[in-house]
Amino acid sequence: MNLTLHVWRQKGPQDKGKLVTYPAPNVDSDMSFLEMLDEINDELIRKGEDPIAFDHDCREGICGMCSQVVNGRPHGHQERTTVCQLHMRQFNDGDEIFVEPWRAKAFPIQKDLIVDRSSMDVIMQAGGYVSCHTGGVPDGNTFPIPKKVADYAMDAAECIGCGACIAACPNSSAMLFTSAKVAQLAALPQGKPEARKRVQAMTKALLDEGFGNCTNHYECEAACPKGISVKFIAKLNREYLKSMIPSSTAEPV
Amino acid sequence: MILDGKAPTGPIETSWDRHRFDMKLVNPSNKRKYKILVVGTGLAGGAAAASLGELGYNVEAFCYQDSPRRAHSIGAQGGINAAKNYPSDGDSIYRLFYDTVKGGDFRSREADVWRLAQVSNNIIDQCVAQGVPFARDYAGYLDNRSFGGAQVSRTFYARGQTGQQLLLGAYSALSRQIKNGSVKMFARREMLDLVVVDGVAKGITCRNLLTGEIESYWGDAVILASGGYVNVFYLSTNAMGSSVTAIWKATKKGAYMANPCYTQIHPTCIPVHGTHQSKLTLMSESLRNDGRIWVPKDAANCEKHPNDIPDEDRDYYLERKYPSFGNLAPRDISSRSAKEACDDGRGVGDGKRGVYLDFAAAIKRVGQKTIEERYGNLFEMYEKITDENGYERPMRIYPAPHYNMGGLWVDYECQSNIPGLFVLGEANFSVHGANRLGASALMQGLADGYFVIPYTIAPYLASLKNPGAVKEDHPEFKKSAEEVEAQMDRLLSIKGKKTVMDIHRELGHVMWENVGMARSKESLEEALKRIPEIRDEFWNNVNVPGESKSINQQLENAWRLADFLEFAEMMTYDALNREESCGGHFRVEHQTDEGEAMRDDENFTYVAAWEFKGVGNKPELHKEPLKFENIKLAVRSYK
Ligand SMILES: Cc1cc2nc3c(=O)[nH]c(=O)nc-3n(C[C@H](O)[C@H](O)[C@H](O)COP(=O)(O)OP(=O)(O)OC[C@H]3O[C@@H](n4cnc5c(N)ncnc54)[C@H](O)[C@@H]3O)c2cc1C
Ligand code: SF4
Ligand code: FES
């Protein structure tokens, strides 16, 4: 099929950037979206032009590195699919496709489609862990964890940290991403002792890093390639409220 | 030279405990005087950086992705082994040790494998404590499955995303140390040289991938945990950025490369389609627990719809050749059998390079719903990529390069022959011999990072008289940075006609055809002829656009390929030297009448450690003889 691409080109963080149009002839429907871009880049190089810069690594939908807004939707229109797993058979001959970077105040553009997502690491560093030491922990089967709880924690833990939820949110809120980690650890016995501290620290970091508030648009869930549910945001809110109760009166955890 | 792995002697069961006691410790209040560089923050490097930081050392960690959470370990699906024996089905540390030595076709060091098996149990405890959501049974206890042909259920898993969950566990521990200030994280940095001062590793030279600046970092010790190199085949299941660069730069500075020809070709990958493909996708081999592998008996039937081929016209070749293991035969054997079937003209799909993996019988037996529960995400992935429904017609699979057992040579303490240079995870050669068992790479990465290096680095550090004496102002750092700059300039100035991708494809093709699943003297000599030609073409006719002082992904790909083009030759020399078939290394000259691999224990029970002697020159071979004192050398049979 033959397509026309409009791709965001921006030389560096300080440049203004603009959409540039490229023809994409003879696209094979079995190609992935990124393979299609590889071909365009190969053509650009042969013509002596600067190829399009974009982040990617695993190309299997698991590392969370790829990050492109395709036709206005983070990772494109196919549900529960990262852009590296989006295949060209999802498009039709003659389509015009707009390709842009994640846009959010906390994600400065570095070049073309590459943005800086280190603020998401900062949120994790604020408390996205259990403070156990290496070694000196009990046998893995010491505390049975009901299957339902383990499955719930796993549902939350599937987040790949791509940032699509933030790119999709009108407020650039990082609530879905943050809540997934808060909910995973708050559900498990290992994570409970630090649950109050964690939710407070991570919520604070999220605001400090320039992410917006959640006003229940739920665009995040729709954009999430891993189907992370907004029910975890409700869980975060409950955990946050719980953490505000002075510890002497707090329900035992 | 005869190398000494310095493995402890005496009873194997107490070898690690005794060695741990014998090693020097670093006084707690002195730890902060030492700086350790960790290149790579996958399972091995991430776990090491977090643990060393927690102990009180100053750690600086590096990765090329934008965050340590994205290392290639994230892609592992199937699971991680441990000798917990929770199901009480006969497992033990000794059995895991035995299976690993045997599975590796008797080409690994016994003491290293013992240690791995011993600490495997600690890993599970550690990960559970971190909040890794392993699968559990209805009573709430950890669930296990049998994996990759093991006869016990010792594999722990987290849905189809075990690597992801383990890596996020290590990442969380690392994040905690970053917050505490004991680890400084440098993301989007690529190590492009090892700095060696008076024969000792003292630092690294990196390129900042955002600004293009060349940066120097000093350390009292350098740890490489940079992952695997099978992208030398171009198409593989590794991440796009996985490369040999970090360990190759160390090789060029004098570190020995051990057994580079031991590569693992994984049997259950989605076959290549078309010519534009950029990578291959693995599907967890847990699929082999329920799927039956076959090709048509008659090549004339290959074009038919598989459901129109009656059972009697199908060749379930693994079940036929290996009745006791059947579809669960080890990876090297399954992969080679698939290749044989296709070489025989009986392959299916694009270019007739595929075999069927059929779930019809399993669906009939347990119902589609159960199959969906077990493998739903894999069927979904298969459909996304191929546009075919695996429930309705058999999947097509073909082997693909996946993992390397070879890597930098290290002694029992994970130290290379360059003092101060330590190597962990897939980047070293240590425990898997000539073939790795499923679910054992994750185990090794975390063992090395959490439970080995925190101990074994101490004697080296304690022996240093003057920690911190060599810093970035040492002339060797300047020299190294200038050399790296010069290489960048050279790459950017060629401005030839071919793209990096074109040339990488060519190299991959030569390696896959000649140094792939079946190797012969002729094919290896052909590769040794072709590789320097492709390398010449690269240095004369590649077109790397853009400039060096900004983001330049083509430049990144170019230097990675430049290193593959040198490394490929060493890998081929190794394959040519090893006149036997063992594990993943199959020399067609050395097989039984039935086509099974034939080892030559008398002449090849050694680790081949290669010393770099200049680009285009034959490397020099050093040997570390292997002794088997606990497990008797035997023919690996899966009949
Ligand atoms: C698809 C797939 C599925 C797998 N499934 C399983 C499984 O089920 N069970 C199992 O046991 N094993 C599995 N494996 C193997 C296993 O995942 C890997 O062997 C293991 O994760 C490697 O870990 P590592 O820490 O050594 O390296 P990696 O995770 O590859 O990490 C390498 C690190 O080094 C960094 N790096 C590399 N080069 C440089 C450089 N020059 N400068 C700076 N940084 C650098 C990277 O940024 C990264 O942080 C699988 C592998 C693949 C490909
Ligand atoms: S919640 Fe979903 S969209 Fe957001 S970072 Fe995680 S995986 Fe990406
Ligand atoms: S490249 Fe890894 S998720 Fe897309």
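If you're wondering where the values come from, they're calculated on a predicted model, not measured in any experiment.

## Here we look at the interface of chain B and chain A
Step number 1: Residue-level contacts link 73 residues of chain B with 72 residues of chain A.
Step number 2: Across the chain B/chain A interface, buried area totals approximately 6,200 Å², and carbon plus sulfur atoms make up 50% of it.
Step number 3: Per-residue buried area on chain B facing chain A is highest for Arg70, Arg159 and Lys384 of chain B; these three make up 11% of the total on that side.
Step number 4: The tally of links between chain B and chain A comes to nine salt bridges.
Step number 5: The salt bridge partner of Asp387 of chain B is Arg89 of chain A, with a shortest N-O separation of 3.7 Å.
Step number 6: Counting across the interface, chain B meets chain A through 50 residue pairs in polar contact (both at pLDDT 80 or more).
Step number 7: Among the secondary structure elements, those contributing two or more residues to the side of chain B that touches chain A are helix 2 (43–55), helix 4 (110–130), helix 5 (162–180), helix 10 (368–386), helix 11 (441–456), helix 14 (500–514) and helix 16 (553–577) of chain B.

## Section: the sheet that holds strand 11 (residues 263–269) of chain B
As a general point, the strands of a sheet are linked pairwise by backbone hydrogen bonds and lie either parallel or antiparallel.
Step number 1: Taken in spatial order, the five strands make up an open sheet running 11-15-14-12-13 (chain B), and their pairing is antiparallel. Both edges of this open sheet fall to strand 11 and strand 13 (314–315) of chain B, since each of them pairs with a single strand only.

## With respect to the pattern of salt bridges
Step number 1: Under the criterion given, the structure shown has 71 salt bridges over all chains.
Step number 2: Among the salt bridges present, the one from Glu100 of chain A reaches Arg103 of chain A, with a minimum N-O distance of 3.4 Å.
Step number 3: Residue class for Arg103 of chain A comes out partly exposed when judged on its relative accessible area of 36%.
Step number 4: Between Arg374 of chain B and Asp290 of chain B there is a salt bridge, and its shortest N-O distance comes to 2.9 Å. Within this pair, whereas Arg374 of chain B is found in helix 10, its partner Asp290 of chain B is found in the loop between strand 11 and strand 12 (292–296), the two being separated by 84 residues in sequence.
Step number 5: Exposure remark for Arg374 of chain B: the relative accessible area of 42% places this residue in the partly exposed category.

Procedures and definitions
Residues numbered from 1 in each chain as written. Chains lettered and ligands numbered in written order. Predicted model: local features only at pLDDT ≥ 70, side-chain atom pairs only at ≥ 80, totals over all residues. Heavy atoms only, no water. Contact = heavy atoms within 4.5 Å. Buried area = accessible area lost by both parts, 1.4 Å probe. Salt bridge = Lys/Arg side-chain N within 4 Å of Asp/Glu carboxyl O. Polar contact = N/O pair within 3.5 Å; in protein donor to acceptor, adjacent residues only side chain to side chain. Helix = DSSP H or I, 4+ residues; strand = E, 2+ residues; numbered from the N terminus. Pairing = 2+ DSSP bridges. Buried < 20%, exposed > 50% of the residue type's maximum accessible area, 1.4 Å probe, protein only.

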